[in-house]
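Coordinate inspection notes
So the chains spell out like this:
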Amino acid sequence: MTSSGPLYLGFDLSTQQLKGLVVDDSLKKVHEAKFDFDADSKGFNVNKGVLVNEAEHEVFAPVAMWLQAMDTLLARLKDDGLDFQRVKGISGSGMQHGSVFWNADAEQLLAQLDPEKTLQSQLDRAFAHPFSPNWQDASTQKECDEFDAILGDEHQLANVTGSKAHHRFTGPQILRFQRKYPDKYIKTHRITLVSSWIATIFLGKFAPFDISDVCGMNLWDIKAGNWNEKLLELAAGPSGVEALKQKLGHVPEDGGIHLGNISKYFVRRHGFSEDCTIIASTGDNPSTILALPLRSNDAIVSLGTSTTFLMSTSEYRPDPATHFFNSPTTPGLYMFMLCYKNGGLAREKVRNAINSKASVSDTTSWTEFDKYLLSTPPLAQYDRSKPMQLGLYFPRPEIIPNLPIGEWHFEYDPESGNLTPTEKVPQSPEQDARIIVESQFLSLRLRSRDLVSSPAQNLPPQPRRVYMVGGGSRNKAIAKVAGEVLGGSEGVFKLDVGENACALGAAYKAVWAMERAEGETFEELIGNRWREEEFVEKIADGYNPEVWEKYGRALKGFEMMELRLLEDKKQGKMD
């Protein structure tokens, strides 16, 4: 018998694709479809979802392409058997920091959509500027310098907005836009983020920013819960603060707010129910932590080409090297994020050197790397009379810490506090397997140590659980070292939601917003329904007191190493 219960639709608009994913009220996935911008779009000539202006370091996407994607995706969901009449709530996940500039005709066009015609054919006239800056855009260095200076320095900006100024953040992007395109800026009636763009399309009128995604703009005072007047004044330019406030709109505090019923266009064209409710959409990083009921003091480590660390915490301790956002669902919680450029590529470089020396036929095999990773003792310290081995491996320029391409090695004696530079580890490249993995997790521990709390009585502060995602999460040897360095009182777990984390998080947000009891948190409602056994596998023990404490002693030397290298860079010794 066909089920007739409520369904919830989550969208994920990322750089390279639009995905739609449907779950029922038990959180079971029942439908899925996607639109790949390179493969499926017609008339836009994008590469990996974007267009590039190398001369000005601009990276941007045509907004009309997203409309084309939405038209096609809804048709594909119908082909997959989705009964739109059963969809009770819709939310979305959008790549963070991207901005869309709507003109004064936009809301009237949204309200008068003809169900016989596509979104693209009717709304491509709704924009003051046809493109949206992408998170890869690096055109705003001048504007970032101004943002970092306006409140005093980058520390003050991070303290107020959760982050120092970044090229991709919406505030610096708006500042550059109004300078480069003053006429288009004046014609801009409303600015949405990518997330609120999704909600706007389905609502049929302008949707507000989400309380979490607004923190990716360098304009929002997180602790005050309002726009920062000085930052708005900087971004607004000659048109003034009030004009920019009108373009940005009000930001509701409730992440599960019901924005209104779906536009009649979607009722008539696709058969949605008239009482289908649109929920505030959030950014892709906040949506990732909604893909599981991540509790306070849990951590997610993404081991892909880059390394990303996400954590839910009640502590607000901003720093220029990190990002803080409001929780997308739960007042009083924050999302803490670290982003590193060096991750998988750095580990692969060591792996390749080991395989080359061992004449391994399959150069992509991790067998030899794992063998030496596990057979080398922590910090390559075979007894306490020997120094600890520390290193940094950066085949790409790094942002945490801000260092150029390079590889550096030091020996550290925790008893004397002496830190001595060396050419390499005693046995290279075999011991490099241990040192490179440790270096990546020691950096995470260093920067999260003030945010973790004790997960149980008589335990030192550390994560309760460490969830691993991304390509590197399949490697149990790396997971074992992750637990030894970071801790994790309940262990290290592989989280497998495929490529669906952002879309799942959006769908779960819709479930919670529509079905929560008064005062019921996202973590409570989703936690009671989430089937851990379908997505999570314990792959390593976490906290080992003796080894964890040893890494704690190494942390001081690791921090000294970073500071010394930063000073060398400042003095021009790395040129």
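What you are looking at is a predicted structure, and each value in this text was computed from that prediction instead of being measured.

1. Examining the domain arrangement of the protein
Put simply, an interface is often sized by how much accessible area is lost when its parts join up. As far as domains go, the protein holds domain 1 (7-286) and domain 2 (344-448 + 545-571). Measuring from the centre of the C-alpha atoms in domain 1 to the corresponding centre in domain 2 gives 40 Å.

2. Points about the UniProt feature "domain: Carbohydrate kinase FGGY C-terminal" (unreviewed entry) in the protein
Under the UniProt annotation, the feature "domain: Carbohydrate kinase FGGY C-terminal" (unreviewed entry) is placed at residues 300-514. The span residues 300-514 shows a helical share of 30% and a strand share of 25%, and its end C-alpha atoms are spaced 26 Å apart.

3. Some thoughts on the sheet that holds strand S19 (residues 388-394)
The strand order across the open sheet built from three strands is S19-S22-S23, with neighbouring strands paired in antiparallel fashion. Each edge of the open sheet carries a strand with a single partner, namely S19 and strand S23 (418-422). Neighbour to neighbour, the strand axes of the sheet diverge by 25 degrees on average, direction disregarded. Here helix H16 (residues 432-448) sits on the sheet and contacts S19 and strand S22 (406-413); the angle it forms with S19, its principal contact strand, is near 75 degrees.

4. Regarding the pairing of strand S7 (residues 99-103)
With five of five residues buried, S7 lies mostly within the body of the structure. Burial along S7 is two-sided: the residues Ser99, Phe101 and Asn103 and Val100 and Trp102 are all buried. Where S7 and strand S9 (residues 188-193) come together, five bridges link them in antiparallel fashion. Bridge assignment links Val100 to a residue of S9, and that residue is Thr192.

5. Observations regarding the sheet that holds strand S5 (residues 58-62)
Remark on secondary structure: sheet strands pair via backbone hydrogen bonds, oriented parallel or antiparallel. The strand order S4-S5-S8 describes an open sheet built from three strands, whose pairing is antiparallel. Either end of the sheet is taken by a strand with one partner, and the two such strands are strand S4 (51-53) and strand S8 (131-133). Between one strand axis and the next, the sheet turns by 35 degrees as a mean value, whatever way the strands run. Looking at chain direction, S5 and S8 are connected through three bridges and run antiparallel. Within S8, the position partnered with Ala61 by the bridge is Ser132.

6. Some words on the packing of helix H17 (residues 476-486) against helix H21 (residues 545-570)
Running from N to C, H17 and H21 point in directions that differ by 70 degrees, and their axes come no closer than 7 Å. When the axis of H17 is compared with that of H21, the two are roughly perpendicular. Residues Glu484, Val485 and Leu486 of H17 form the contact with H21, whose own contacting residues are Val547, Trp548 and Tyr551.

7. As for the UniProt feature "domain: Carbohydrate kinase FGGY N-terminal" (unreviewed entry) in the protein
Per the UniProt entry, the sites bearing "domain: Carbohydrate kinase FGGY N-terminal" (unreviewed entry) are residues 135-290 in this numbering. This span, residues 135-290, is 47% helix and 12% strand, and a straight line between its end C-alpha atoms measures 21 Å.

8. Details of the nonpolar core
Leu219, Trp227, Leu248 and Phe441 are the most contacted members of the largest nonpolar core, which has 127 residues in total. Top element by residues in this core is helix H18 (residues 501-515). It accounts for ten residues. Inspection of this core shows a minimum of three residues originating in each of domain 1 (7-286) and domain 2 (344-448 + 545-571). Apart from residues no more than four positions distant in its own chain, Trp227 is found in contact with Phe209, Val214, Met217, Leu219, Trp220, Leu232, Leu248, Gly249 and Val251. Core analysis: the second largest hydrophobic core is formed by 55 residues, Leu13, Trp66, Leu67 and Leu77 among them.

9. Quick word on the packing of aromatic side chains
In the structure shown here, the tally under the stated rule is 25 aromatic pairs. Consider the rings of Phe266 and Phe272, whose centres lie 6.4 Å apart with planes at 85 degrees: the pair is edge-to-face. Through a chain of ring-to-ring contacts, three or more aromatic side chains come together here, namely Phe11, Phe84, Phe202, Tyr265, Phe266 and Phe272. Over the face of the ring belonging to Trp366 we find Arg351, whose NZ or CZ atom lies 4.8 Å from the ring centre.

10. Some remarks on the environment of Thr420
Inspection of the secondary structure assignment puts Thr420 in strand S23. Put simply, Thr420 and Pro395 are 25 residues apart on the chain and 22 Å apart in space, counted from C-alpha to C-alpha. Residues contacting Thr420, with those up to four places away along its chain left out, are His409, Phe410 and Glu411.

Conventions we followed
Residues numbered from 1 in each chain as written. Predicted model: local features only at pLDDT ≥ 70, side-chain atom pairs only at ≥ 80, totals over all residues. Heavy atoms only, no water. Domains from an automatic or database assignment. UniProt positions renumbered as here; feature names shortened; annotations may be inferred. Helix = DSSP H or I, 4+ residues; strand = E, 2+ residues; numbered from the N terminus. Pairing = 2+ DSSP bridges. Axes fitted to C-alpha atoms, helices over the stretch in contact; angles between N-to-C directions. Contact = heavy atoms within 4.5 Å. Buried < 20%, exposed > 50% of the residue type's maximum accessible area, 1.4 Å probe, protein only. Parallel < 35°, antiparallel > 145°, perpendicular 65-115°, else oblique. Core = buried A, V, L, I, M, F, W, Y, C linked by side-chain atoms within 4.5 Å. Phe/Tyr/Trp six-rings, centres within 6.5 Å; stacked < 30°, edge-to-face > 60°. Lys NZ or Arg CZ within 6 Å of the ring centre and 35° of its normal.

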